[in-house]
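Chain by chain, the residues run as shown.
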Amino acid sequence: MEYMVNPYKFDNQQKIQNYYEFQNYLDIKKNDINTEIASYAGKLRSQYDFLKGMDALQISACHCYDCDYFVTNDKSLLQVKEIKNPILVASM
């Protein structure tokens, strides 16, 4: 979701197409948000005042699905102890 904001805002069809091709190439698994994920996200937001709703949902989904890594360009998320193997990448 976060990546797509600017391509849609500026109607950059090439970046939109590249995103979907990249997703398909990596065979990224997609899961729905369920009650367990939403509940854990609420718990995270209660512990970390700076945590936004969408970030909490993403971290919670990674936790609930036992993901191996969490990739972000947001340094503040490195404070969240519940993130398993965070990887910080430079902004694009």
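Nothing here was measured: the structure is a model prediction, and the numbers come from that model.

Participant: Describe the packing of helix α3 (residues 35-47) against helix α4 (residues 53-64), with residues and values.
Facilitator: Contact geometry of α3 with α4 gives a least axis separation of 8 Å together with a crossing angle of 120°. With respect to their mutual orientation, α3 and α4 come out oblique. Seen along the crossing, α3 lies across α4 with a hand that is right-handed. Taken together, the residues of α4 that come into contact with α3 (itself represented by Glu36, Ile37, Ala38, Tyr40, Ala41, Leu44 and Arg45) are Gly53, Ala56, Leu57, Ile59, Ser60, Ala61, His63 and Cys64. Its residues placed into classes, the contact of α3 with α4 shows ten nonpolar, three polar and two charged.

Participant: Hey, could you go over the layout of surface pockets for me, with residue numbers and the actual values?
Facilitator: A volume near 1900 Å³ is recorded for the largest pocket. Lining the largest pocket are 40 residues, and of these Met1, Glu2, Tyr3, Gln58 and Val71 sit closest to its centre. Elements with a minimum of two residues in the lining of the largest pocket: α1 (5-9), α2 (13-26), α4 and β1 (70-72).

Parameters at a glance
- Residues numbered from 1 in each chain as written.
- Predicted model: local features only at pLDDT ≥ 70, side-chain atom pairs only at ≥ 80, totals over all residues.
- Heavy atoms only, no water.
- Axes fitted to C-alpha atoms, helices over the stretch in contact; angles between N-to-C directions.
- Helix = DSSP H or I, 4+ residues; strand = E, 2+ residues; numbered from the N terminus.
- Parallel < 35°, antiparallel > 145°, perpendicular 65-115°, else oblique.
- Left-handed = near helix turned anticlockwise from the far one by under 90°.
- Contact = heavy atoms within 4.5 Å.
- Nonpolar A, V, L, I, M, F, W, Y, C, P; charged D, E, K, R; others polar.
- 1 Å grid on protein atoms, 1.4 Å probe; cavity = no way out; pocket = protein on both sides within 12 Å on 5 of 7 lines; lining within 4 Å.
- Points joined across faces, edges and corners; volume = space filled by probe spheres on them.

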